[in-house]
Amino acid sequence: MTTSSSPNHRLRLDLPRWALGYWVASVLGAGAWYLARADVRGLLRAGAPWFQVTERPRGAVVAFTLTLILFGVIPLALARPVLDRSPWSLGLGPGDYRLWLKLLALGVPVGILAGYLAHRSPGIEAVYPLGGKLVADPAAFAVHASGYLLYYLGFEYLFRGFLLFGTKDEIGPAAANLLQACLATAFHFGKPGLEMAAVFPASLVFGWLALATDSIWCALGIHWVVGVAVDYFLVF
């Protein structure tokens, strides 16, 4: 007597690659949100003590390095098994470098202006610079800005590289851009109101820049400029 197995008689988890990619990114985002923060998130209700939700705040160097590992190194290693893509094909090539250099030249002044306007918000001032207050020393600030580049490299690779480039062929560029922007917004939950209001449209723009230039470098440069500009105007 022989028996045959059929899909009805065994438990299968047959996710499409794009959905598996978003599951992986959600896990990594949750890990960074709870474990790799340079600030603290908690809960407070009437008549109850403060409850700290996230782990203790990390120093800037530790937070930036952990974010690079969670958002950059691990997705780089998982690109082939999860998305069946070369990790280097997910926005790390030069792309249309002539176009992204032009867009970067246009975007940098806009990023500096955005940083200047944002630094005037009390909520932004309460949270930034990440890792604690900085002294008004140009050399120390240059080191901080260099470390920030590691943070943004990881961030852009996960959202605009691994997710956007990794899923656009399967679900379409528009849907991929919308979904990565949604997940990037979720990662910012708990940030100041001004930042929360800006993150979704900004993520769509960064996604469009990545798609238009076939690389993450233009989005990375402008995103980094905004972050550094905020800190610069808060410090100097």
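Residues numbered from 1 in each chain as written. Predicted model: local features only at pLDDT ≥ 70, side-chain atom pairs only at ≥ 80, totals over all residues. Heavy atoms only, no water.

Things to note about the overall build of the chain
Here comes step 1: Regarding its fold elements, the chain presents eight helices and two strands.
Here comes step 2: Counting helices and strands in the order they occur from the N terminus, the chain gives α-β-β-α-α-α-α-α-α-α.
Here comes step 3: For the chain, the spread of C-alpha atoms along the three principal axes comes to 80 × 55 × 30 Å.
Here comes step 4: Put simply, the chain has 236 residues, and 44% of those count as buried.
Here comes step 5: Element-wise, carbon and sulfur atoms account for 68% of the exposed surface of the chain, whose accessible area totals about 12,500 Å². (Helix = DSSP H or I, 4+ residues; strand = E, 2+ residues; numbered from the N terminus. Buried < 20%, exposed > 50% of the residue type's maximum accessible area, 1.4 Å probe, protein only. Areas by Shrake-Rupley, 256 points an atom, 1.4 Å probe, with all protein chains shown as cover.)

A few points about the packing of aromatic side chains
Here comes step 1: If you walk through the whole model with that rule in mind, you get 18 aromatic pairs.
Here comes step 2: Plain terms: the ring middles of Tyr148 and Tyr151 are 6.0 Å apart, the flat faces sit at 55° to each other, and that makes the pair tilted. With Tyr148 and Tyr151 both in helix α5 (residues 138-171) and three residues apart, this pair spans about one turn of that helix. No difference in accessibility class separates Tyr148 from Tyr151, as the two residues are buried.
Here comes step 3: Through a chain of ring-to-ring contacts, three or more aromatic side chains come together here, namely Phe64, Phe71, Tyr148, Tyr151, Tyr152, Phe155, Phe159 and Phe187.
Here comes step 4: The ring of Trp33 is capped by Arg37, whose NZ or CZ atom sits 4.9 Å from the centre of that ring. (Phe/Tyr/Trp six-rings, centres within 6.5 Å; stacked < 30°, edge-to-face > 60°. Lys NZ or Arg CZ within 6 Å of the ring centre and 35° of its normal.)

Quick word on the side chain of Ser215
Here comes step 1: In this fold, Ser215 is placed in the loop between α7 (193-213) and α8 (217-235).
Here comes step 2: Residue classification places Ser215 among the buried residues on the basis of a relative accessible area of 0%.
Here comes step 3: Ignoring any residue separated from it by four or fewer positions in sequence, one finds Ser215 in contact with Gly91, Gly93, Pro94, Gly95, Trp100, Phe165, Leu209 and Ala210. (Contact = heavy atoms within 4.5 Å.)

Examining the layout of surface pockets
Here comes step 1: By volume, the largest pocket amounts to about 790 Å³.
Here comes step 2: Lining the largest pocket are 32 residues, and of these Ala198, Ala202, Phe206, His223 and Val226 lie nearest its centre.
Here comes step 3: Contributions of two or more residues to the lining of the largest pocket are made by α3 (97-119), α5, α7 and α8.
Here comes step 4: The biggest single contributor to the lining of the largest pocket is α7, with nine residues.
Here comes step 5: For the lining of the largest pocket, the class distribution of residues is 22 nonpolar, six polar and four charged. (1 Å grid on protein atoms, 1.4 Å probe; cavity = no way out; pocket = protein on both sides within 12 Å on 5 of 7 lines; lining within 4 Å. Points joined across faces, edges and corners; volume = space filled by probe spheres on them. Nonpolar A, V, L, I, M, F, W, Y, C, P; charged D, E, K, R; others polar.)

With respect to empty space enclosed by the protein
Here comes step 1: Tallied over the full model, the rule gives one cavity of 30 Å³ or more.
Here comes step 2: The space that makes up the largest cavity amounts to roughly 140 Å³.
Here comes step 3: In this structure, the largest cavity is lined by 13 residues; those nearest its centre are Ala36, Arg37, Ala38, Tyr151 and Phe187.
Here comes step 4: Contributions of two or more residues to the lining of the largest cavity are made by α1 (17-35) and α2 (60-83).
Here comes step 5: Among the elements that line the lining of the largest cavity, the one with the most residues is α2, at three residues.
Here comes step 6: Considered class by class, the residues forming the lining of the largest cavity number nine nonpolar, one polar and three charged.

Details of the nonpolar core
Nonpolar side chains in soluble globular proteins tend to be buried together.
Here comes step 1: If you look at the biggest cluster of nonpolar residues, it comprises 46 residues, and the most contacted ones within it are Phe71, Tyr148, Phe159, Phe162 and Phe187.
Here comes step 2: Taken together, the elements giving at least two residues each to this core come down to α1, α2, α4 (122-127), α5, α6 (173-187) and α8.
Here comes step 3: No other element matches α5, which puts 13 residues into this core.
Here comes step 4: Phe187 has contacts with Gly29, Ala32, Trp33, Phe71, Tyr151, Phe155 and Phe159, leaving out every residue within four places of it along the chain.
Here comes step 5: Grouped together as the second largest cluster of nonpolar side chains are eight residues, Trp100, Leu103, Leu104 and Ala219 included. (Core = buried A, V, L, I, M, F, W, Y, C linked by side-chain atoms within 4.5 Å.)

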